[in-house]
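# Observations on the model geometry
Here is how the chains run, residue by residue.
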Amino acid sequence: MPARGFYVTTPIYYISGTPHIGHAYSSVAVDIIARTARAHGPARSLTGTDEHGQKVAQAAEAAGATPQAYVDALAPRWRELQIAYDTRFDDFIRTTEPRHARASLALFERMRANGDVYESVYEGWYCTNDETFWPESKLIDGRCPNPECRRPVEWLSERNWFFRLSAYRDRLLELFRTDPDFLRPQSRYNEMMAVLEGGLDDLSISRSSFDWGIPLPGGGVLYVWFDALINYISALGWPDDPDGRFATFWPGVHVIGKEIARFHTLIWPAMLWSAGLEPPARVFAHGWILAEGEKMSKSLGNVIEPFALAERFGADAVRYFLFREAPFGTDFSISREKLRQRLNSDLGNDLGNLLRRSLAMLDRYRDGLVPEPTAGSIAEGVSDLPARVRDHVLAMRLREGLDEIWNLVTTLNRSIDERKPWELAKAGRGDELDAVLYDLCEGLRWLSILLFPYMPSKATEMWRQLGLSGTPEVRWPDELTWGRLAAGTQTDPGLPLFPRLEPEPDETEA
Ligand code: MSP
């Protein structure tokens, strides 16, 4: 853990888009990382919505609304997504808030004062859907080169402000070379290195043919990506920093989808340098969730609806699936059938049954009271587990974190099979029986603490069934020492954690 505060962010989502599972994926990842960081020290997380730009202006016009009324009507949907997936953010920023406009203009002014901003004419192509300027050489068949978009581009001829991005190429190269972890995974790092080696053009950072954006003195509005990136520091209170949040939490860690790595790792650090600020500490560009091998899109009709998914399987099971199914950073496919299978096997059989069997045995042999710990426990084997989980999660190895936790699930299940409490009870070997039962309860207490970042509500339910007060949101270094569970604790078994789900017609594999 860094000595200072830990700060982690999601991309801010285009407000006019429909929330889908990919957005939930980024938000849950950041939530898992932030909850883990909070268990060790000061930490903050941020999400929000990206509300300016030509696309929003056009959509509002088509809907017959003012852009402000249009975005206000859409904002609640994005908060609902956070509720549906139980992601808890310290802040939710909308780029239409005054605090954001103030910071964006201040950054622009600083860059201008430093001689990095000049006026010129942008003559070239623009993809409104992606809000991206494209050089002619990048177009594919005259269309937007983004494989998910491929929409027609429009020709712009506008007198705009430009950022001298080209001047930062060497400094960016140096950043990439001296800190290979600046951008992970390696595939994205290689991709951005190749872009850098090819050279960087200056970037138009304002628009003058419409007015839905942050207005600039003298006319025009800020280019939507320029304003969007600034959300990460406007939400910290920059530039005035009245609460010292910027001083404590910047630089932060950005979690993004792989398609927006260029904005975050080439343009954003250069903007910050230009204003005399530090670049982000790290950027992690994750892969895409695919539906049967293809990127989800409305036109393919294969979009997995995130609200319905959380309702059917429960937010915690989906959260678990997203980070157990594939290494964080790669593309992977999702299907309701795969999700159901993991829910029944990993969550129902491995974890849910472990809790149920352990508490049932404790009830039968010890009236549900946690026995006095005795010698011969599994403690030695697990003492460095919390540090390993923490290191994995804070380094974005979210699957490896779960794998480690699952080793404890397996160890506890194995200890039931091998130490056979029912035989110990029959043979009157009370001390050994106490040892197994204590291990199981203490192991389950550890599991609820370690799993809390991944599955907050199920982990809390485990905690409750163990008869513990409060919640499993505790400081790991203090609470994850073996033996803290007090003898005499009265457990309180409840309903199965993950009741078995039978397939619905559309979940059966053909
Ligand atoms: N508004 C910009 C980001 C500005 S950040 C300063 C934007 N918004 S978006 O609504 O298009 O959201 C993109 C993000 O959503 C991706 O970077 C990724 O985090 C997430 N996902 C959207 N679809 C996805 C998948 N199919 N799979 C995984 N995540 C993807 O870009």
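Everything numeric here is computed off the predicted structure, so don't read it as measured data. Numbering of residues starts from 1 in each chain and follows the order in which that chain's sequence is written. Reporting in this predicted model follows two pLDDT cut-offs: at least 70 for local features of residues, and 80 or more for side-chain atom pairs to be given and counted; totals over whole chains, interfaces and linings ignore these cut-offs and use all residues. Calculated side-chain values reflect all of the structure's heavy atoms, with hydrogen atoms and water omitted.

### What about the pattern of salt bridges?
Opposite charge on two side chains permits them to pair, given that their charged atoms come into close proximity. The condition that has to hold: Any Lys or Arg side-chain nitrogen located within 4 Å of an Asp or Glu carboxyl oxygen qualifies as a salt bridge. Between buried and exposed lies partly exposed: a residue is buried under 20% and exposed over 50% of the maximum accessible area for its type, with that area taken using a 1.4 Å probe on protein chains only.
Counting across every chain of the model gives 40 salt bridges. We note a salt bridge from R99 to E97, for which the minimum N-O separation is 2.8 Å. Classification of E97 by relative accessible area gives partly exposed; the value is 22%. D181 serves as the salt-bridge partner of R184, at 3.7 Å between the closest nitrogen and oxygen. A cluster of three or more residues bridged by salt bridges with shared partners is formed by R324, E325, K338, R342, D346 and D403.

### Remarks on empty space enclosed by the protein
Short version of the rule: Using protein atoms alone on a 1 Å grid, points that fit a 1.4 Å probe yet trap it form a cavity, whereas open point sets bounded by protein on both sides within 12 Å along at least five of seven lines form a pocket; residues with an atom within 4 Å of a point count as lining. Grid points are joined across faces, edges and corners, and a volume is the space filled by probe spheres set on the points. Each residue gets one label: Ala, Val, Leu, Ile, Met, Phe, Trp, Tyr, Cys and Pro are nonpolar, Asp, Glu, Lys and Arg are charged, and the others, such as Gly, are polar.
Scanning all chains against the criterion turns up one cavity of 30 Å³ or more. When its volume is computed, the largest cavity comes out at roughly 40 Å³. Every residue lining the largest cavity is listed: G53, Q54, Y126, E131, R207, F210, W212, V221, L222, Y223 and V224. Of the residues in the lining of the largest cavity, the class split is seven nonpolar, two polar and two charged.

### Describing the domain arrangement of the protein chain
As a reminder, the rule being used: The split into domains, and so the bounds of each, comes from an automatic or database assignment of domains. The contact criterion used throughout is that any non-hydrogen atoms of two residues lie within 4.5 Å. Buried surface area refers to the total accessible area, computed with a probe of radius 1.4 Å, that the two partners give up upon joining, counted for both partners together. Pairs of N or O atoms within 3.5 Å make up the polar contacts considered here, provided that, within protein, one atom can donate a hydrogen while the other can accept it, and that residues adjacent in sequence are counted only when both atoms are side-chain atoms.
Assigned domains within the protein chain: domain 1 (6–286) and domain 2 (335–479). Between the C-alpha centres of domain 1 and domain 2 there is a distance of 41 Å. Counting residues at the interface gives 17 residues for domain 1, matched by 16 residues for domain 2. Across the domain 1/domain 2 interface, buried area totals approximately 1500 Å², and carbon plus sulfur atoms make up 69% of it. Looking at the side of domain 1 facing domain 2, the largest losses of area belong to I32, R35 and H40, adding up to 37% of the total buried there. For R88, the salt bridge goes to E473, with nearest N and O atoms at 3.0 Å. If you look at where domain 1 meets domain 2, you find four residue pairs in polar contact (both at pLDDT 80 or more).

### Here's the deal with the packing of helix α5 (residues 169–178) against helix α10 (residues 261–274)
As a reminder, the rule being used: The axes used here are C-alpha line fits, helices contributing only the stretch in contact, and every angle between their N-to-C directions lies in the interval 0 to 180 degrees. Per the convention used, a helix needs a DSSP run of H or I reaching at least four residues, while a strand needs a run of E reaching at least two, with both numbered from the N terminus. For classification purposes, angles smaller than 35 degrees are called roughly parallel, those larger than 145 roughly antiparallel, those between 65 and 115 roughly perpendicular, and all remaining angles oblique. Put simply, a crossing is left-handed when the front helix is turned counterclockwise from the back one by less than a right angle, and right-handed when it is turned clockwise.
At a minimum axis separation of 10 Å, α5 and α10 run at an interaxial angle of 115°. As judged from the angle between their axes, α5 and α10 are roughly perpendicular. Considering how the two elements wind past one another, α5 and α10 form a crossing that is right-handed. For the pair formed by α5 and α10, the contact residues are R171, L172, L175 and F176 on the first element and T265, L266, P269 and W273 on the second. Along the lines of polarity and charge, the residues of the contact of α5 with α10 split into six nonpolar, one polar and one charged.

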